[in-house]
Amino acid sequence: MHAEATSEKQALGWFLDGRVSAVLAHHTHVQTADEKILPNGTAYITDLGMTGPFDSIIGTRKDAVLERFFNPEPNKFDVAKGDIRLQGVVLEVDTASGKALSIERLSC
């Protein structure tokens with residue numbers, strides 16, 4: 001799920017609890033530490049995180065983003081280099097019931 005507010009993500013998680021195996025949300029590119037199995041068997045996390053360069057502002061060169069904040073002139077956002085990381089989750093789901101058995105954050 002892609003949404004701006006954490007409340008939107010949490011609301012959908014609770015609404016879909018027991019109807020889907022997982023609600024895996026994202027948007028901020030900052031991994032949250034709230035992974036859980038909801039009471040009816042749906043795995044949930046508010047933000048999976050980001051796969052890309054961590055010495056950056058959501059994957060973009062810091063200088064370019066800072067320039068945009070302080071100067072209204074358009075500038076190019078280039079992908080930052082180095083320190084590439086992978087974030088997400090590892091899920092275990094019961095194939096018979098569709099219920100999540102475990103959810104574990106991954107960051108490497």
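Below or above, wherever it landed, is the structure these notes cover. (Residues numbered from 1 in each chain as written. Predicted model: local features only at pLDDT ≥ 70, side-chain atom pairs only at ≥ 80, totals over all residues. Heavy atoms only, no water.)

Bringing the overall build of the chain into the picture now. If you tally the helices and strands in the chain, you get two helices and seven strands. Secondary structure elements of the chain occur, N-terminal to C-terminal, as α-β-β-β-β-α-β-β-β. Relative to the compact-globule value of 13 Å for 108 residues, the chain shows a C-alpha radius of gyration of 17 Å, a clear excess of over 25%. When its C-alpha atoms are laid out on the principal axes, the chain stretches across 55 × 25 × 20 Å. Looking at the chain residue by residue over its 108 residues, the buried ones come to 31%. Across the chain, the fraction of contacts at a sequence separation of at least 24, relative to all contacts at a separation of at least 6, is 42%. One way to put it: in the chain the 11 positive side-chain charges average out to a point 2 Å from where the 15 negative ones average out. (Helix = DSSP H or I, 4+ residues; strand = E, 2+ residues; numbered from the N terminus. Rg over C-alpha atoms; globule rule 2.2 N^0.38 Å. Buried < 20%, exposed > 50% of the residue type's maximum accessible area, 1.4 Å probe, protein only. Contact = heavy atoms within 4.5 Å. Lys, Arg positive; Asp, Glu negative; His and termini not counted. Charge placed at Lys NZ, Arg CZ, Asp CG, Glu CD.)

Another aspect to go through is the sheet that holds strand β1 (residues 22–24). Taken together, three strands build an open sheet; the order of strands is β1-β3-β2 and the sheet is mixed. Unpaired on one side and paired on the other, β1 and β2 (36–37) mark the two borders of the sheet. Direction of pairing for β2 relative to strand β3 (residues 43–45): antiparallel, over a ladder of two bridges. Following the sheet pairing, Lys36 is matched in β3 by Tyr44. The strands touched by helix α1 (residues 6–16) are β1 and β3; relative to β3, the strand with the most contacts, the crossing angle is about 175°. (Pairing = 2+ DSSP bridges. Axes fitted to C-alpha atoms, helices over the stretch in contact; angles between N-to-C directions.)

Judged from the seven bridges that link them, strand β6 (residues 87–93) and strand β7 (residues 100–107) form a sheet pairing that is antiparallel. The residue of β7 that forms the bridge with Val93 is Ala100. Connecting β6 to the next strand, β7, in antiparallel fashion are six residues, including Gly98 with a positive phi near 80°.

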